[in-house]
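Chain by chain, the residues run as shown.
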Amino acid sequence: MNILVTGGAGFIGSNFVFYYLREHPEDQLTVLDALTYAGNLQTLQPVMEQENFHFVKGDVADRETVFALFEEKKFDIVVNFAAESHVDRSIEDPGVFLRTNILGTQVLMDAARAFGVSRFHQVGTDEVYGDLPLDRPDLFFTEDMPLTASSPYSASKASADLLAMAYHRTYGLPVSISRCSNNYGPYQFPEKLIPLMIANALADKPLPVYGTGENVRDWLYVEDHCRAIDLILRGDAVGRVYNIGGHNEKTNLDVVKTILKQLGKPESLITFVGDRKGHDLRYAIDPAKIHADLGWLPQTDFDTGIRQTIDWYLENKEWWETIISGEYQQYYEKMYGNR
Ligand code: NAD
Ligand code: DAU
């Protein structure tokens, strides 16, 4: 098999690359990544010299680059991780989200149609279902729920999912879609809740919790997400959507307190700041379909996963300290300075 992984220098994409090369050493894997602020070539160093690994710097929305790459490589499978992924940035500046997440997906699917693939997998998100109320713990996201969106990010991801299903129905493109809940683990960019709180706590800086901290997210260890996608690629999943999540709901405040406890830092570092605009209240995945069809179940519980993640950030300070010493400082000041 010859597989294209877009966005493979980002958080989940890089974890998927490591997982895939370990599980399928006989396959060829190419990463296409524009190396935006969120992409980091350093992350891919461990596999860079491997003969079956290839890296191409390029933009998924650049038709010429994408078509030339498909023509050269004749991919069997495409897994599209490439995206602008941070909700707060989408609220500040939606334009690039529409370009990468919608038009980029279109360009990739056009190339997949033109050169032929056996599977185009679109990596989606549970945010396309909107949110659930906090006082109805009996409700979960299922695949047949209507799509709705609270942020420009989730609207762009919902658009990409709709486009992917349209390409399947209209052109017969062999599309599958997964919609995962919040991931955590190694190599996550420190703008996201968990690595941001770890970095701030280690520096004894305030931990900025939006609103009341009561919002709920459904956390999944990144490797469980990677294994789910691999199962979907190998299963009879064309035309299907799979939700991925491990029934691991936590309030943001609980997550932050867990991090502080493990790092031996005081809860007095918690600082409540202005809420995110349009802030989704609760995400909660019903993973019954992927379990029934493909036998997937998460393997890492939150206590184990968060310990492993914190240990990784402690052991790999250079990776994230390099990031937060650069233009991240201006980002942080802009987002949190007057919050
Ligand atoms: P990330 O921001 O860490 O990485 C995104 C990667 O895409 C980066 O390497 C970046 O350089 C690359 N990229 C951005 N624009 C590009 C472009 N125009 N052309 C080529 N490459 C480009 O994101 P992530 O958290 O790893 O998310 C990966 C995917 O998974 C996204 O599609 C996201 O919507 C989805 N997802 C994320 C989560 C989560 O919790 N992080 C959960 C569910 C789904
Ligand atoms: O559910 C899947 C989605 O999870 C993915 O599609 C997105 O790409 C990914 O970024 C993530 O979105 P969230 O908005 O849920 O993740 P984030 O880490 O930004 O925030 C998690 C929660 O923590 C959210 O309720 C907002 C809150 N938060 C976040 C930050 C960065 C804070 O309270 N303070 C913060 O500083």
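Here, the structure is the one placed above.
Basis of the calculations
Residues numbered from 1 in each chain as written. Chains lettered and ligands numbered in written order. Predicted model: local features only at pLDDT ≥ 70, side-chain atom pairs only at ≥ 80, totals over all residues. Heavy atoms only, no water. Phe/Tyr/Trp six-rings, centres within 6.5 Å; stacked < 30°, edge-to-face > 60°. Helix = DSSP H or I, 4+ residues; strand = E, 2+ residues; numbered from the N terminus. Buried < 20%, exposed > 50% of the residue type's maximum accessible area, 1.4 Å probe, protein only. Axes fitted to C-alpha atoms, helices over the stretch in contact; angles between N-to-C directions. Parallel < 35°, antiparallel > 145°, perpendicular 65-115°, else oblique. Left-handed = near helix turned anticlockwise from the far one by under 90°. Contact = heavy atoms within 4.5 Å. Salt bridge = Lys/Arg side-chain N within 4 Å of Asp/Glu carboxyl O. Pairing = 2+ DSSP bridges. Near = heavy atom within 4 Å. Polar contact = N/O pair within 3.5 Å; in protein donor to acceptor, adjacent residues only side chain to side chain. Areas by Shrake-Rupley, 256 points an atom, 1.4 Å probe, with all protein chains shown as cover. Nonpolar A, V, L, I, M, F, W, Y, C, P; charged D, E, K, R; others polar. Core = buried A, V, L, I, M, F, W, Y, C linked by side-chain atoms within 4.5 Å.

Here the focus is the packing of aromatic side chains. Inspection of the entire model under this criterion finds 22 aromatic pairs. On the numbers, 5.3 Å between centres and 50° between planes, the contact of Phe16 with Phe81 is tilted. A residue pair is termed long-range when its members are at least 10 positions apart, and Phe16 in helix 1 (residues 11-23) and Phe81 in the loop between strand 4 (77-80) and helix 4 (87-92) qualify at 65 residues. The class for Phe81 is buried, based on a relative accessible area of 12%. With a centroid separation of 5.5 Å and an interplanar angle of 70°, the aromatic rings of Trp312 and Trp319 are classed as edge-to-face. Comparing Trp312 with Trp319 shows no difference in burial state: the two are buried. Taken together, the ring pairs connect Tyr37, Phe189, Tyr210, Tyr328, Tyr331, Tyr332 and Tyr336 into an aromatic cluster.

Packing of helix 1 against helix 8 (residues 222-234) brings their axes to within 9 Å, and their N-to-C directions diverge by 60°. Classed by the angle they form, the pair helix 1 and helix 8 counts as oblique. In terms of crossing hand, the pair formed by helix 1 and helix 8 is right-handed. Taking contact as the criterion, the partners of Phe11, Ile12, Asn15, Phe16, Tyr19, Tyr20, Arg22 and Glu23 in helix 1 are, on helix 8, Val222, Glu223, His225, Cys226, Arg227, Ile229, Asp230, Leu233 and Arg234.

Right, let's get into the pattern of salt bridges. Per the stated rule, a full pass over the model turns up 15 salt bridges. Between Arg136 and Asp138 there is a salt bridge, and its shortest N-O distance comes to 2.7 Å. With relative accessibility at 36%, the residue Arg136 sits in the partly exposed group. Given a relative accessible area of 48%, Asp138 falls into the partly exposed group. With its nearest N and O atoms 3.5 Å apart, the salt bridge here joins Lys192 to Glu191. One network of salt bridges, with partners in common, ties together Asp27, Asp230 and Arg234.

Turning next to the sheet that holds strand 1 (residues 2-6). The strand order 3-2-1-4-5-6-11 describes an open sheet built from 7 strands, whose pairing is parallel. Of all strands in the sheet, those with a lone pairing partner are strand 3 (53-57) and strand 11 (241-244), marking the two edges. Each strand of the sheet is rotated relative to its neighbour by a mean of 20°, with strand direction disregarded. The strands that helix 5 (residues 95-115) touches are strand 1, strand 4 and strand 5 (119-125); relative to strand 5, the one it contacts most, it runs at about 165°.

Now for the site of ligand 1. Taken together, the neighbourhood of ligand 1 is formed by 28 residues, with Ile12, Asp33, Ser85, Tyr153 and Lys157 sitting nearest. Within the side chain of Asp59, one N or O atom sits 2.9 Å away from a nitrogen atom of ligand 1. Lys157 is positioned such that a nitrogen or oxygen atom in its side chain is 2.7 Å from an oxygen atom of ligand 1. Taken by itself ligand 1 offers 840 Å² of open surface, and the protein chains cover 96% of this. Elements with a minimum of two residues in the shell around ligand 1: helix 1, strand 5 and helix 6 (152-171). By residue number, the principal contributor to the shell around ligand 1 is strand 5, which donates 3 residues. Taken together, the residues of the shell around ligand 1 sort by class into 13 nonpolar, 12 polar and 3 charged.

Bringing the nonpolar core into the picture now. One finds Ile3, Phe16, Val17, Leu29, Phe53, Val79 and Ile259 to be the most contacted residues of the largest nonpolar core, which totals 62 residues. Among the elements that line this core, the one with the most residues is helix 1, at 8 residues. Those residues within four positions of Phe53 in sequence are excluded, and the remaining contacts are Val17, Leu21, Leu29, Val31, Leu44, Val47 and Met48. Core analysis: the second largest hydrophobic core is formed by 29 residues, Val66, Leu108, Ala158 and Tyr283 among them.

Here we take up the side chain of Asp110. Along the polypeptide, Asp110 turns up in helix 5. Among the residues examined, Asp110 registers a relative accessible area of 13% and is labelled buried. Not counting chain neighbours up to four residues away, the residues in contact with Asp110 comprise Arg63, Phe67 and Tyr167.

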